[in-house]
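The chain contents come next:
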Amino acid sequence: MANLPVRPEIAAAAPYGAPHPPVPVRLNVNENPYPPPPEVVSSMSARVAAAAAGINRYPDRDFAELRSALADYLIREAGVAEISPDMIWAANGSNEVMLHILQAFGGPGRAVTAFEPTYSMYREYARDTFTAWKPGKLEADFSLEAGHGIGHIARARPTVVLLTSPNNPTGTALPLTTIDAIARHAEGRAVVVVDEAYAEFRRPGTPSALELLGEHRHLAVTRTMSKAFAAAGLRLGYVAADPELIGYLRTVRLPYHLSAITQAAALAALDHAGLMLAGVAELADRRDRLAAALAAMGFEVADSDANFVLFGRLADRHDVWERLLARGVIIREVGPPGWLRVSVGTEAETLAFLRALADIRKELE
Ligand SMILES: *Cc1c(COP(=O)(O)O)cnc(C)c1O
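Residues numbered from 1 in each chain as written. Predicted model: local features only at pLDDT ≥ 70, side-chain atom pairs only at ≥ 80, totals over all residues. Heavy atoms only, no water.

Draft legend 1. Structural context of the domain arrangement of the chain. For the chain, the assigned domains are domain 1 (18–34 + 279–364) and domain 2 (38–276). A C-alpha centroid distance of 26 Å is found between domain 1 and domain 2. Taken residue by residue, the interface counts 23 residues in domain 1 and 21 residues in domain 2. Between domain 1 and domain 2 the total buried area reaches about 1700 Å² when both faces are included, carbon and sulfur atoms providing 57% of it. Linking domain 1 with domain 2 are 2 salt bridges. (Domains from an automatic or database assignment. Contact = heavy atoms within 4.5 Å. Buried area = accessible area lost by both parts, 1.4 Å probe. Salt bridge = Lys/Arg side-chain N within 4 Å of Asp/Glu carboxyl O.)

Set out below in structure tokens:
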């Protein structure tokens, strides 16, 4: 081994990433299974070609046109009154947006809190920004009781609080009253980030935290085009918050972090938001049917507002995961011990998963 002066916490770590074997049924990373229709593909190609013609120049480093298109989209999606372009920031996936948030508001001597089980990348952003990771815990049913959350924050004293709604890997959404109570407690001490990566899949009656932006200048709501928007390959995530908070994210970003190609392709996707999101209602309906089918098989199923379902409890979840893989179905081994997470795919993929699971149950009887 080369004798490299690597940070000990990096030396011991494996790079993040779910296994990606080339199997026919891929239900492991919560992608939208429907590729964009040809109309969107050609419009994206045209926009990208125009950007390519000027590729000798650096891109618009503040991506004004894209911020304005994202603001318009959020106003329509969440039915909120006003989101201006200076309330929007974007980066290469909401993962990079989170990194910007921790670069600006975390750092040495500071802490970040989230409530587990939750997205495992958060602790990596903490490590990469030298921010202490001080997670709390969700209740046994994966809800978050506001008083309990506030108690944890009072003890851990983070400068960044991450709330994930709908949460990954559980699928559970937080009521606005809980987010509001935590935001009130955190005012003057922490920024509160609501990660709404799966928001477009939420059930009717589940509101977006975008509705609270007007009340809290330390609240940020992150979104992504990777999930419902069916553009995981694009790498475009974004955040809405008060312009002052956004200003600090601009300060820490690398120059020209969002390429002209990404900006062009994202604008084309947003031009056709309706087509990109066309499968969402169908996927949400299939999620509810998948959850019901798993419950009918006798599994415990977490309440989901996302495009995946967490189910348990399995005596040996790794064995079940491997047996599914042997049948050409990959899901995700994540969440509390005994639970597995399955993404909602096409009707055929979802049925293939349910059939394979039923077979495995028989085998194990
Ligand atoms: C998938 C996911 C994201 C999105 O990541 P991108 O970098 O935008 O692809 C963010 N948060 C959670 C909880 C996720 O599951």
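Draft legend 2. A look at the sheet that holds strand 10 (residues 237–241). If you trace the 7 strands from one edge of the open sheet to the other, you get 2-10-9-8-7-3-5, paired in mixed fashion. Edge positions in the open sheet fall to strand 2 (88–91) and strand 5 (132–133), since each of these has one partner strand only. With 2 bridges joining them, strand 3 (residues 111–113) and strand 7 (residues 160–164) adopt parallel strand pairing. Counterpart to Val112 in the pairing with strand 7 is Val160. (Pairing = 2+ DSSP bridges. Helix = DSSP H or I, 4+ residues; strand = E, 2+ residues; numbered from the N terminus.)

Draft legend 3. Representation of the site of the ligand in the model. In the vicinity of the ligand, 14 residues are found, and the nearest of them are Ser94, Asn95, Tyr198, Thr224 and Lys227. The contact in question runs from an oxygen atom of the ligand to an N or O atom on the side chain of Asn168, over 2.8 Å. In the environment of the ligand, a nitrogen atom lies 2.7 Å from a nitrogen or oxygen atom belonging to the side chain of Asp195. Notes on the ligand: free accessible area 380 Å², of which the protein chains cover 94%. Its residues placed into classes, the shell around the ligand shows 4 nonpolar, 7 polar and 3 charged. (Near = heavy atom within 4 Å. Polar contact = N/O pair within 3.5 Å; in protein donor to acceptor, adjacent residues only side chain to side chain. Areas by Shrake-Rupley, 256 points an atom, 1.4 Å probe, with all protein chains shown as cover. Nonpolar A, V, L, I, M, F, W, Y, C, P; charged D, E, K, R; others polar.)

Draft legend 4. The arrangement of the packing of helix 3 (residues 64–78) against helix 9 (residues 260–271) in detail. The geometry of helix 3 relative to helix 9 is characterised by a closest axis approach of 10 Å and an angle of 30 degrees between their N-to-C directions. Put simply, helix 3 runs roughly parallel to helix 9. For the pair helix 3 and helix 9, the sense of crossing is left-handed. On the side of helix 3, the interface is formed by Glu65, Leu66, Ala69, Leu70 and Tyr73, while helix 9 contributes Gln263, Ala266, Leu267 and Leu270. The residue inventory of the contact of helix 3 with helix 9, partitioned by class, reads 7 nonpolar, 1 polar and 1 charged. (Axes fitted to C-alpha atoms, helices over the stretch in contact; angles between N-to-C directions. Parallel < 35°, antiparallel > 145°, perpendicular 65-115°, else oblique. Left-handed = near helix turned anticlockwise from the far one by under 90°.)

Draft legend 5. The pairing of strand 9 (residues 219–224), seen in detail. In terms of burial, strand 9 is a largely internal element, 6 of the 6 residues being buried. Burial along strand 9 is two-sided: the face carrying Leu219, Val221 and Arg223 and the face carrying Ala220, Thr222 and Thr224 are both buried. Sheet analysis places strand 8 (residues 191–195) next to strand 9, joined by 4 bridges and oriented parallel. Bridged to Val194 within strand 9 is Val221. Bridge count for strand 9 against strand 10 is 5 bridges, and the pairing is antiparallel. Across the sheet, Thr222 pairs through a bridge with Val239, a residue of strand 10. (Buried < 20%, exposed > 50% of the residue type's maximum accessible area, 1.4 Å probe, protein only.)

Draft legend 6. Focus on the packing of aromatic side chains. Per the counting criterion, the structure on display carries 10 aromatic pairs. Taken together through their ring pairs, the aromatic side chains of Tyr119, Tyr122 and Tyr125 make up a single cluster. Sitting above the plane of the Phe308 ring, Arg341 keeps its charged end 5.5 Å from the centroid. For the cation-ring pair, Arg361 lies above Phe299, with the distance from its terminal atom to the ring centre recorded as 4.3 Å. (Phe/Tyr/Trp six-rings, centres within 6.5 Å; stacked < 30°, edge-to-face > 60°. Lys NZ or Arg CZ within 6 Å of the ring centre and 35° of its normal.)

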